Structure formats: structure tokens, C-alpha cells
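Below are the chains, spelled out letter by letter.
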Amino acid sequence: MKATGAMQVSLRLPARLLHAGSARKLFAVAENGAFGMLPGHADHVAALVPSVLVLTGEDGVELFFGIDHGLLVKHGRQVDIAVRRAVRGDKLETLAASVEAAFREIDEEERHARTALSRLETGIVRRFGQLRKPAR
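Residues numbered from 1 in each chain as written. Predicted model: local features only at pLDDT ≥ 70, side-chain atom pairs only at ≥ 80, totals over all residues. Heavy atoms only, no water.

Peer 1: Would you take a moment to explain the overall build of the chain for this structure?
Peer 2: When you go through the chain residue by residue, the secondary structure sums to one helix and 10 strands. Taking all 136 residues of the chain together, the buried fraction comes to 31%. Within the chain, residue pairs in contact and separated by at least 24 positions form 49% of the contacts whose partners lie at least 6 positions apart. Summing over all exposed atoms, the chain offers an accessible surface of approximately 9000 Å²; the carbon and sulfur share of this is 56%. (Helix = DSSP H or I, 4+ residues; strand = E, 2+ residues; numbered from the N terminus. Buried < 20%, exposed > 50% of the residue type's maximum accessible area, 1.4 Å probe, protein only. Contact = heavy atoms within 4.5 Å. Areas by Shrake-Rupley, 256 points an atom, 1.4 Å probe, with all protein chains shown as cover.)

Peer 1: Help me understand the pattern of salt bridges in this model?
Peer 2: Any two side chains of opposite charge can pair, on the condition that their charged atoms come close. The tally for this structure, following the rule as stated, stands at two salt bridges. R84 is the salt-bridge partner of D68, the closest N and O atoms lying 3.5 Å from each other. In this pair, D68 is assigned in the loop between β7 (62–67) and β8 (70–75) and R84 in the loop between β9 (78–83) and β10 (86–89), connecting sequence segments 16 residues apart. What makes D68 buried here is its relative accessible area of 6%. Residue classification places R84 among the partly exposed positions, given a relative accessible area of 45%. R85 serves as the salt-bridge partner of D68, at 2.9 Å between the closest nitrogen and oxygen. With D68 in the loop between β7 and β8 and R85 in the loop between β9 and β10, this residue pair connects regions lying 17 residues apart in the sequence. What you see here is one network of salt bridges that share partners, running through D68, R84 and R85. (Salt bridge = Lys/Arg side-chain N within 4 Å of Asp/Glu carboxyl O.)

Peer 1: Would you mind going over the environment of A86 with me for this structure?
Peer 2: Along the chain, the position of A86 falls in strand β10. Here the alpha-carbon distance between A86 and F65, two residues 21 residues apart in the chain, equals 6.4 Å.

Peer 1: What's the story with the side chain of S51 in this structure? I'm lost.
Peer 2: With respect to the secondary-structure elements, S51 resides in strand β6 (residues 51–56). A distance of 2.9 Å separates a polar side-chain atom of S51 from the backbone oxygen of V49. (Polar contact = N/O pair within 3.5 Å; in protein donor to acceptor, adjacent residues only side chain to side chain.)

Peer 1: Even after reading the chapter, I still don't get the environment of S10, so can you show me in this structure?
Peer 2: Following the sequence through the fold, S10 ends up in strand β1 (residues 7–12). Of the residues examined, S10 reaches a relative accessible area of 5% and is grouped as buried. For the pair S10 and L72, spaced 62 residues apart in sequence, the C-alpha to C-alpha distance is 9.8 Å. Once you skip the residues sitting within four places of it in the chain, S10 turns out to touch L17, H19, A20, Q78, V79, D80 and I81. For S10, the side chain forms a polar contact with the side chain of D80, separated by 2.6 Å.

Here it is, written out as C-alpha cells:
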């Protein structure tokens, strides 16, 4: 960290780490409204809503993330954010289209997984039913 200090931010998805790095400023939206956060702010916990998360790096470059529901925990200079789904965008103007396409793809994958799981469960129930029948 530089002398001015920065927050160490990690943005996690259920299966992987999407982003880890330092930031001098963070903007997010919680259930009770939007807020900004700087390294010296008090420790904080917030339930995030689907929105745009903006991180400003130490070099002043802004990073944009379209996020789904999640949780933000700030402790000292460490900020941990866990969300169900998120997409990084290079520009705010194109983020909406990127989020829509990525979330639609994730929804389709989840639908296929639920269908496969349902078929597996049906097969298991059928097999158990066959086990209960007396042999002739």
C-alpha cells in the first residue's frame, strides 16, 4: 500500500475470485441506499442489491462491476464482497449490455442444471420404487 493508504478489495463469486486489488474509493448500493466508502471509514456491513459497483484504483482508474445480490464487509482496510453473480465492464456505457448477456447465459446454465438434477431425482425415485416391489 502507498502512504496515502488504500482498501484491499476482493470481489468473490460462489465458485471463484472475480477481482482482488487495492482501491482508494468504492461506490455501492445497499438495501437502504447508495453509499461511498474510503479507506478511513468505519467498519461496515451492507446487504447489496443488484446494481453497479464502482472501484476507483490508486491510479484513479475506475472499474465497473454489474452485481447481483450480495454482502459487503469492511474491516479495517480490508473489504470483502460476496455476490451471487457479477460481470466486469470496461465502460459504464456498455456494462448494462454485458450484464444482461452474461446473466442470461448464467440463467440458462442454471436451468439446464436444474433440469438434469430433476431427471436424476426422478430416476432415483423410480429405482427405489422398483426395489420395494417383491420379486416373483
